[in-house]
Amino acid sequence: MTADPRFGQFEGLTYAEIEASWPDMSRQWRQREPLWAPPGGESLVALRERVVATVSGLAAQHIGGQIIVVAHGGVMDMLYRLATGQGLQAPRAWELGNAAINRLLWTPDGLTLVGWADTSHLDQAVRDESIS
């Protein structure tokens, strides 16, 4: 993937700061309007296309092998949506755990979900965010 700031004008801001500065744009973002993008940023449709192109390109170079992708939550969310047929506007009802192992199978027809949000490799204390 790329390190370019895909949140554009929203990059580095909290949800509250975005809401206070641009309430209309904040609403569009929260409603997950597929073609809408923050100024200088990326729409959900563009994100989906970028993720599909990158993962398909990597997987096609390693047919029969395994690849590891380390990515932030937005990319992982998109991979889950692609593998399960969830639409871009569907509310997220799946876990996006930090350091979780998510297993997907790629074929030229697309992605299939094999396993998701596996944190069994982590100690319980590490998984408990309420411990400070």
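Residues numbered from 1 in each chain as written. Predicted model: local features only at pLDDT ≥ 70, side-chain atom pairs only at ≥ 80, totals over all residues. Heavy atoms only, no water.

**Describing helix α2 (residues 23–30)**
In an α-helix, one full turn covers 3.6 residues, which means residues spaced three or four apart are oriented alike. The following threshold applies: Partly exposed residues are those whose accessible area sits between 20% and 50% of the maximum for their type, while under 20% is buried and over 50% is exposed, using a 1.4 Å probe and protein chains only. The secondary structure listing takes helices from DSSP runs of H or I that are at least 4 residues long and strands from runs of E that are at least 2 residues long, numbered from the N terminus. This arc describes the spread of directions from the helix axis toward the C-beta atoms. In what follows, residue pairs with any heavy atoms lying within 4.5 Å of each other are defined as contacts.
Residues of α2 that are buried include every one of M25, S26 and Q28, and no others. With its buried residues spanning 160 degrees around the axis, α2 presents them on a single face. Every exposed residue of α2 that faces more than 90 degrees away from the buried side is listed here: D24 and R30. The elements touched by buried residues of α2 are α1 (15–21). Backbone geometry just after α2 places R32 at a positive phi near 60 degrees.

**Some details on helix α3 (residues 44–60)**
Worth spelling out the cut-off: The span expected for a helix works out to 1.5 Å for each residue beyond the first.
In this model, α3 (17 residues) spans 24 Å end to end at C-alpha, consistent with the 24 Å of a helix rising 1.5 Å per residue. All buried positions along α3 are accounted for by L44, V45, L47, R50, V51, V55 and A59. Buried positions along α3 lie against α4 (73–84), β1 (101–107) and β2 (110–118).

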